[in-house]
Amino acid sequence: MGQANNKGYLEQTETIKTMIQTCIQCGTCTASCPNIEFMDITPRHMWRLLLMDHVDALFLSKSFIMCSSCYYCTLRCPRGLELTNAMSLLKQTASKLKLKQFQRSSLFYKAFLDSVKKHGRVKEIEFMTHFFISMKNPMIPFGFAPLGLKLMLKGKVRPEFPSGGSGKLTALFKKVAELEE
Amino acid sequence: MKYLYYPGCSLEGTSLEYDISTKILLEAVDVQLEEIEDWTCCGATAAESQSHLLSYVLPARNLALAEKMNSERQILVPCSACYLNLKKVEEVIKKDKDLLGKINAVLAEEDLVLKGDVIVKHLLDVLSNDVDIEKIKEISQNKMSGLVIAPYYGCQCLRPFTVFDDPEDPHSMDELIRATGAQPFEWDMGAQCCGASNTSTKPEAGMALVGRILKSAKGADAILTVCPMCQMNLESSQKKISHKEGIDLEIPVLFLPQFLGLAMGKTQNDVRLDLNLSDTGKLIKARV
């Protein structure tokens, strides 16, 4: 994959590996996962790949991006491992590496956070517009149109053009980026 | 009784009725709220998938603002995702002083300091443990008797922090439902996942989870939720999923305080039932 040479990638996966070091491969996480039928490899298998340093196979799979943060695996893990947080760290790594299978989720979250950075609070229509533009696929907005329209008719969201905002949280975002470098 | 109030972004937009009905219900049971001044987004699930530190800094900013207000020491949060994010900071900084240092290094940009002396509470925790349930009983006069109501808790008010209910088999809503004269619907889906943001980013997977919940709710007169994300997911695609599954899965879905408000004599307009996406007509015809 070539991406395994990326320094950040290895550092990140080392951190996650430490988090799951005492995994006993019991499979409770797999049995507890509500999204299992949409995963190509099971959570238990993912942790095994990570412990054996087969990170390429791990990032070729789209299993971790299916995690909906229900925290059942974390709750039930007999070793007390923070597996949902480990999933989040895998998502962060995939996002930083701009992995293709994570692109849709990653752009969605980026558009969301850009809106938060500018306004302090989420402006739903603005962030969805940014998301649609960044996806560069003219068909995607149509999947959301019926719900968007319903919400607009209820006055729950207002049509808005993307704006500059006040830069409300720009300083915080900048400092976080600095510290995480 | 008084709490600081963190509504969160959804309650200003897509879940406006949750904000309005929460306020009207709490007023009726003598709970006062003081909104945290200048609050901002908690980061939702977006921050944790992009940056570890940011996912702590965004909620921490709000806790620091709450501490600065020098008022109440408890923050009431109706949205489960916001609740978890704020709670996560409250819990983690008790142990991880290194992270607290980093958070404060960032918050210094806005001259804010986080000490860690406020407690974050979910609306359901307050309703089931702090509020006098006799008051709800007294005012509602069994108005909802004959109805069978399915309590849906979702994930993030129950897990990973097990604060006020059983994270596998929650029942904190049962007594509140009984207080209105209605009966809680017996089911195993109350603590199952609604798909969260997968309904937007991976619709096929998200809708499968919603479908499972709606199918299990067959036989109930309505579903109650305590989270904007759960509410949106359970309400917004009922027609589509019914069509796909070939059975009628349409059911009224209300926020818990909307239902309790109605039981206590508030009008449909008071609790803004017009804003719900599911068809609440059947429930209303029966009872209000």
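1. A closer look at the nonpolar core
- Counting residues in each nonpolar core, the largest one holds 137 residues, and the members touching the most others are W47(A) and L114(B).
- Considering each element in turn, this core owes the most residues, 10 residues, to helix α2 (residues 52-68) of chain B.
- Once you skip the residues sitting within four places of it in the chain, L114(B) turns out to touch A60(B), L63(B), A64(B), E67(B), V89(B), I93(B), L100(B), I103(B), N104(B) and L107(B).
- Judged by nonpolar contacts, the second largest core, of 20 residues, contains M207(B), A217(B), A220(B) and L234(B).

2. With respect to the pairing of strand β2 (residues 32-35) of chain B
Residues and elements named next belong to chain B.
- Inspection of the sheet shows strand β1 (residues 2-5) paired to β2 by 4 bridges, in the parallel sense. Its bridge partner being in β2, L4 is matched across the sheet by E34.
- In terms of handedness, the path from β1 via helix α1 (residues 16-28) over to β2 forms a crossover that is right-handed.

3. Overview of the pattern of salt bridges
Residue and element names in this part refer to chain B.
- In the structure shown here, the tally under the stated rule is 20 salt bridges over all chains.
- Put simply, R61 and E110 hold a salt bridge, and the shortest N to O gap is 3.1 Å. Residue R61 is found in helix α2, and its partner E110 is found in the loop between α4 (97-107) and β4 (119-122); the two are separated by 49 residues along the sequence.
- Ionic pairing is found between E245 and K215, a salt bridge with its closest N-O pair at 3.0 Å. Within this pair, whereas E245 is found in helix α11 (residues 238-245), its partner K215 is found in helix α9 (residues 203-216), the two being separated by 30 residues in sequence.
- By relative accessible area, which is 36% here, E245 ends up partly exposed.

4. Some details on the interface of chain B and chain A
- Taken residue by residue, the interface counts 60 residues in chain B and 49 residues in chain A.
- Between chain B and chain A lies a buried interface of about 5,000 Å² when both sides are counted; carbon and sulfur atoms form 60% of it.
- Summed over the three residues of chain B that lose the most area to chain A, namely E48(B), Q50(B) and T201(B), the buried surface amounts to 12% of that side.
- Viewed at the interface, chain A and chain B are joined by 5 salt bridges.
- One salt bridge connects E37(A) with R212(B), and the closest N-O pair in it is separated by 2.7 Å.
- The tally of links from chain B across to chain A stands at 28 residue pairs in polar contact (both at pLDDT 80 or more).
- Elements that contribute at least two residues to the side of chain B that touches chain A include exactly α2, α4, α8 (198-201), α9 and α10 (228-236) of chain B.
- Across the side of chain B that touches chain A, the residue classes break down as 27 nonpolar, 19 polar and 14 charged.

5. What to know about the domain arrangement of chain B
Residues and elements named next belong to chain B.
- Per the domain assignment, the segments making up chain B are domain 1 (2-123) and domain 2 (134-287).
- The centre of domain 1, based on its C-alpha atoms, is set 25 Å off from the matching centre of domain 2.
- Tallying the contact residues gives 27 residues for domain 1 and 27 residues for domain 2.
- Roughly 2,300 Å² of surface becomes buried between domain 1 and domain 2 when both sides are summed, with 74% attributable to carbon and sulfur atoms.
- Together, E17, L25 and L84 form the three largest contributors to the area buried by domain 1 at its contact with domain 2, with a combined 25%.
- At the boundary of domain 1 and domain 2, one finds 1 salt bridge.
- One salt bridge connects K135 with D30, and the closest N-O pair in it is separated by 2.5 Å.
- When residues of the side of domain 1 that touches domain 2 are traced back to their parent elements, those giving at least two are α1 and α3 (80-95).

6. Topic: the packing of helix α10 (residues 170-180) of chain A against α4(B)
- Where α10(A) meets α4(B), the closest approach of the two axes is 9 Å, and the angle between their N-to-C directions is 135°. Viewed along their axes, α10(A) and α4(B) adopt a mutual orientation that is oblique. Where α10(A) crosses over α4(B), the two elements pack in a sense that is right-handed. On the side of α10(A), the interface is formed by L172(A), K175(A), V176(A) and L179(A), while α4(B) contributes K102(B), A105(B), V106(B) and L107(B).
- Split into classes, the residues belonging to the contact of α10(A) with α4(B) amount to 6 nonpolar, no polar and 2 charged.

7. Examining the environment of E11(A)
Residue and element names in this part refer to chain A.
- With respect to the secondary-structure elements, E11 resides in helix α1 (residues 7-19).
- Under the relative-accessibility criterion, E11 is labelled partly exposed at 47%.
- Along the sequence, E11 and T93 sit 82 residues apart, while their C-alpha atoms lie 9.7 Å from each other.

8. Topic: the packing of aromatic side chains
- Throughout the structure, instances matching the rule amount to 6 aromatic pairs over all chains.
- The interplanar angle of 70° and the centroid separation of 5.9 Å between the aromatic rings of F108(A) and Y109(A) together place this pair among those described as edge-to-face. Each member of the pair, F108(A) as well as Y109(A), is classed as buried.
- Linked through ring pairs, Y152(B), F185(B) and W187(B) together constitute an aromatic cluster.
- Between R121(A) and the ring centre of W39(B), over which it is positioned, the NZ or CZ distance is 3.5 Å.
- Positioned above the aromatic ring of Y56(B) is the side chain of K88(B), whose terminal nitrogen or guanidinium carbon lies 4.7 Å from the ring centre.

So, how was this worked out
- Residues numbered from 1 in each chain as written.
- Chains lettered and ligands numbered in written order.
- Predicted model: local features only at pLDDT ≥ 70, side-chain atom pairs only at ≥ 80, totals over all residues.
- Heavy atoms only, no water.
- Core = buried A, V, L, I, M, F, W, Y, C linked by side-chain atoms within 4.5 Å.
- Buried < 20%, exposed > 50% of the residue type's maximum accessible area, 1.4 Å probe, protein only.
- Helix = DSSP H or I, 4+ residues; strand = E, 2+ residues; numbered from the N terminus.
- Contact = heavy atoms within 4.5 Å.
- Pairing = 2+ DSSP bridges.
- Right-handed = clockwise from strand over helix to strand, strands pointing away.
- Salt bridge = Lys/Arg side-chain N within 4 Å of Asp/Glu carboxyl O.
- Buried area = accessible area lost by both parts, 1.4 Å probe.
- Polar contact = N/O pair within 3.5 Å; in protein donor to acceptor, adjacent residues only side chain to side chain.
- Nonpolar A, V, L, I, M, F, W, Y, C, P; charged D, E, K, R; others polar.
- Domains from an automatic or database assignment.
- Axes fitted to C-alpha atoms, helices over the stretch in contact; angles between N-to-C directions.
- Parallel < 35°, antiparallel > 145°, perpendicular 65-115°, else oblique.
- Left-handed = near helix turned anticlockwise from the far one by under 90°.
- Phe/Tyr/Trp six-rings, centres within 6.5 Å; stacked < 30°, edge-to-face > 60°.
- Lys NZ or Arg CZ within 6 Å of the ring centre and 35° of its normal.

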